[in-house]
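Reading the structure
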Amino acid sequence: MKRTAVVVLVIVCAMSAWAQAVPKSGFFTTSDGVRIHYLEVGAGPAIVFIPGWTMPAWIWEKQIAYFAPKYHVIAVDPRSQGESDKPAEGNYPERRARDYKELVDHLHLARPVLVGWSMGVAELLAYAGQFGTADVQGIVLVDGFVVLDEALQKFFPQWMHTVAADRKAFASSFIPSMFKKPQSESYKQRVIAESLKTPTNTAVELGILGRPDSTAFPKLAQTAVLFVASKQLAKQVDTLRAAVPNLQSEMFEDAGHALFVDEPERFNTAVEKFITAAAK
């Protein structure tokens, strides 16, 4: 009898822990009337995950599962992505950064750590430039550009022309290229389908306007910053380090652009180590 009771208790506790780790969907409306979707789970120090160009909040699913037991985890669908509204206006870094600030305020997050991937890097630079970094615990930049040289400035408009010409073909080629480690076909198709939720004209606009602003570098120097990058972006890390002496970095030599999907254990450990140190 006692053994049965213990087994039941263990099952109940396990189910309770599982339920607590499943993120809940939330929505809030920005100051310009756009309904933004986010995933939320856990309690404790806050971490906000921001995905890249046309990507959904759930692409951080391995980070959500890892951090949920000890942290208050939020993953956002930026405007015009995922389950958020798809407005014709506001699809540029400064406005999207304001969306994130309004989300932080809406959820009453005290000194969150902000994690931005790819185009999210430019948006976190815009966040720092507009709002400073005094109210954040730290910033994690994930495999995105912090500066664009002349060649890159010419490349992005040309690249977006390819997007406009045949969006589905572009997504079918680009999405699998983000991963260096094997991912299931069903997973890749799921990500492609999510990417295509962003209207093509908006996707092009985001790609052209989503440029980093280096004038925000001094604001980054006032907080803890971690730059996690694949080897292709090593020069970007060096450029930022020259302007932000307190920069910490972690290079992923054998991962693709979506390095947190390719090597989630290493990524999660690096971010948690950074958060722990930043809190001291």
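Residues numbered from 1 in each chain as written. Predicted model: local features only at pLDDT ≥ 70, side-chain atom pairs only at ≥ 80, totals over all residues. Heavy atoms only, no water.

What follows concerns the nonpolar core. Counting residues in each nonpolar core, the largest one holds 50 residues, and the members touching the most others are Trp60 and Phe267. Those residues in contact with Trp60 that sit more than four places away from it in its chain are Phe49, Ile50, Pro51, Ala75, Val115, Trp117, Val142, Phe260 and Phe267. Within the second largest apolar cluster, 37 residues are counted, among which are Tyr100, Ala126, Val136 and Leu240. (Core = buried A, V, L, I, M, F, W, Y, C linked by side-chain atoms within 4.5 Å. Buried < 20%, exposed > 50% of the residue type's maximum accessible area, 1.4 Å probe, protein only. Contact = heavy atoms within 4.5 Å.)

This part covers the packing of helix 6 (residues 167–177) against helix 7 (residues 185–195). Any two packed helices are characterised by the angle at which their axes cross and by the distance between the axes. Running from N to C, helix 6 and helix 7 cross one another at 135 degrees; their axes reach a closest spacing of 9 Å. One way to sum up the angle between helix 6 and helix 7 is to call them oblique. As helix 6 runs across helix 7, the sense of the crossing is right-handed. Side by side, helix 6 and helix 7 meet where Arg167, Ala171, Ser172, Ile175 and Pro176 of the first sit next to Lys188, Val191, Ile192 and Ser195 of the second. When its residues are assigned to classes, the contact of helix 6 with helix 7 shows five nonpolar, two polar and two charged. (Axes fitted to C-alpha atoms, helices over the stretch in contact; angles between N-to-C directions. Helix = DSSP H or I, 4+ residues; strand = E, 2+ residues; numbered from the N terminus. Parallel < 35°, antiparallel > 145°, perpendicular 65-115°, else oblique. Left-handed = near helix turned anticlockwise from the far one by under 90°. Nonpolar A, V, L, I, M, F, W, Y, C, P; charged D, E, K, R; others polar.)

Glancing now at the pattern of salt bridges. Opposite charge on two side chains permits pairing when their charged atoms draw close. One pass over the full model with this rule turns up 17 salt bridges. A salt bridge links Glu185 to Lys188; the nearest nitrogen and oxygen atoms lie 3.7 Å apart. Here Glu185 pairs with Lys188, and both are found in helix 7, just three residues apart, close to one helical turn. Accessibility expressed as a relative area gives 48% for Glu185, which makes it partly exposed. Residue Lys188 is classed as buried on the basis of its relative accessible area of 19%. Through salt bridges with shared partners, a single network forms among Asp32, Arg79, Arg95, Asp99 and Glu102. (Salt bridge = Lys/Arg side-chain N within 4 Å of Asp/Glu carboxyl O.)

Let's shift gears to the pairing of strand 3 (residues 46–50). Of all five residues that make up strand 3, five are buried, and the element is covered over most of its length. Covered by surrounding structure in strand 3 are Ala46, Val48 and Ile50 together with Ile47 and Phe49, the residues of both alternating faces. By the bridge criterion, four bridges tie strand 3 to strand 4 (residues 72–77) in an arrangement that is parallel. Residue pairing in the sheet places Ile47 in a bridge with Val73 of strand 4. Chirality of the crossover, the property in question, places the unit of strand 3, helix 2 (residues 61–67) and strand 4 among those that are right-handed. Summarising the sheet, strand 3 and strand 5 (residues 113–117) pair through four bridges and their orientation is parallel. (Pairing = 2+ DSSP bridges. Right-handed = clockwise from strand over helix to strand, strands pointing away.)

The next subject is the sheet that holds strand 8 (residues 248–252). Pairing is mixed in the open sheet, where eight strands are placed in the order 1-2-4-3-5-6-7-8. Strands at the two margins of the open sheet, each flanked by one partner only, are strand 1 (24–29) and strand 8. The average undirected angle you get between the axes of adjacent strands in this sheet is 20 degrees. Helix 12 (residues 264–278) rests against strand 3, strand 5, strand 6 (138–142), strand 7 (224–230) and strand 8 of the sheet, and its axis sits at about 165 degrees to strand 7.

Its 15 residues give helix 12 an end-to-end C-alpha distance of 21 Å, which sits within 8% of 21 Å, the value for a rise of 1.5 Å per residue. For helix 12, the full list of buried residues reads Pro264, Phe267, Asn268, Ala270, Val271, Glu272, Phe274, Ile275 and Ala278. (Expected span 1.5 Å × (residues − 1).)

The phi torsion at His108 lies on the positive side, around 55 degrees, for a residue other than glycine. The residue His108 is located in the loop between helix 3 (93–106) and strand 5 in this model. Since its relative accessible area comes to 71%, His108 is described here as exposed. Located in the positive-phi region is Ser118, a residue other than glycine, with phi close to 60 degrees. Of note, Ser118 is situated in the loop between strand 5 and helix 4 (119–131).

Our next topic: the pairing of strand 1. Note: strand 1 against strand 2 (residues 35–41), six bridges, orientation antiparallel. Among the inter-strand pairings, Thr29 is bridged to a residue of strand 2, identified as Arg35. In sequence, strand 1 turns back onto strand 2 through a hairpin of five residues, with Gly33 there showing a positive phi of about 85 degrees.

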